[in-house]
Amino acid sequence: MARYLISFNDGAMDHIPAEELPEVGKAAHAVLQEAVDAGVWVFGGGLQRQQASIVATDGSVTDGLYPETKEVIGGFVVVDVATREEALGWAAKFAAGCRCAQEVREIMADPEMEEMLRRADRRG
């Protein structure tokens, strides 16, 4: 299994009239429930429209995006599926529900992190 980030850009849903947003929310939550029921849902959510904070390696904090940033994420879903094709299928469902295009990226596996999580689960 591999984890995939399915995301859309901030403003990608701005074309949707306000009176249709409840319907879009219902459709998006239906796909979310389908992903939960299928056992592929890991985590996700929409991001608040707000100024980002950048925390530097020295701990200093500045407001604003990285200078080279052109677009920011408006929402995301992480799914755990067997293939990229399956992730693309879920992205198509979320795109239809949210009425906006979705970007799909595989999340790199980190065996050390997985081992840390396994050890933490044994302590609980």
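Rules used throughout
- Residues numbered from 1 in each chain as written.
- Predicted model: local features only at pLDDT ≥ 70, side-chain atom pairs only at ≥ 80, totals over all residues.
- Heavy atoms only, no water.
- Helix = DSSP H or I, 4+ residues; strand = E, 2+ residues; numbered from the N terminus.
- Expected span 1.5 Å × (residues − 1).
- Buried < 20%, exposed > 50% of the residue type's maximum accessible area, 1.4 Å probe, protein only.
- Arc of directions from axis to C-beta.
- Contact = heavy atoms within 4.5 Å.
- Polar contact = N/O pair within 3.5 Å; in protein donor to acceptor, adjacent residues only side chain to side chain.
- Core = buried A, V, L, I, M, F, W, Y, C linked by side-chain atoms within 4.5 Å.

A. Representation of helix H1 (residues 21-38) in the model. For H1, with 18 residues, the first-to-last C-alpha span of 25 Å sits near the 26 Å given by 1.5 Å per residue. By the burial criterion, the buried members of H1 are Val24, Ala28, Val31 and Ala35. The arc that holds the buried residues of H1, viewed along the axis, is 55°, so those residues lie on one side. Facing away from the buried surface of H1 by more than 90 degrees, the exposed residues are Pro22, Glu23, Lys26, His29 and Asp37. In this structure, the buried residues of H1 make contact with strand S2 (41-46) and helix H2 (84-98).

B. Structural detail: the side chain of Gln102. As for its position among the elements, Gln102 is in the loop between H2 and strand S6 (103-106). Within the structure, the side chain of Gln102 is placed 3.2 Å from the backbone oxygen of Cys100, a separation counted as a polar contact. Beyond its immediate chain neighbours, meaning those up to four positions away, Gln102 contacts Ile6, Ser7, Phe8, Ala91, Phe94 and Ala95.

C. Broad picture of the nonpolar core. With 14 residues, the main nonpolar core has Tyr4, Ile6, Val40, Val79, Val81, Trp90 and Val104 as its most contacted residues. At the level of secondary structure, the elements contributing two or more residues to this core comprise strand S1 (2-9), H1, strand S5 (73-81) and H2. Examining the composition of this core, we find that 4 residues originate from one element, H2, more than from any other. If near-sequence neighbours (up to four positions away) are discounted, Trp90 is found in contact with Ile6, Val31, Glu34, Ala35, Ala38, Val40 and Val81.

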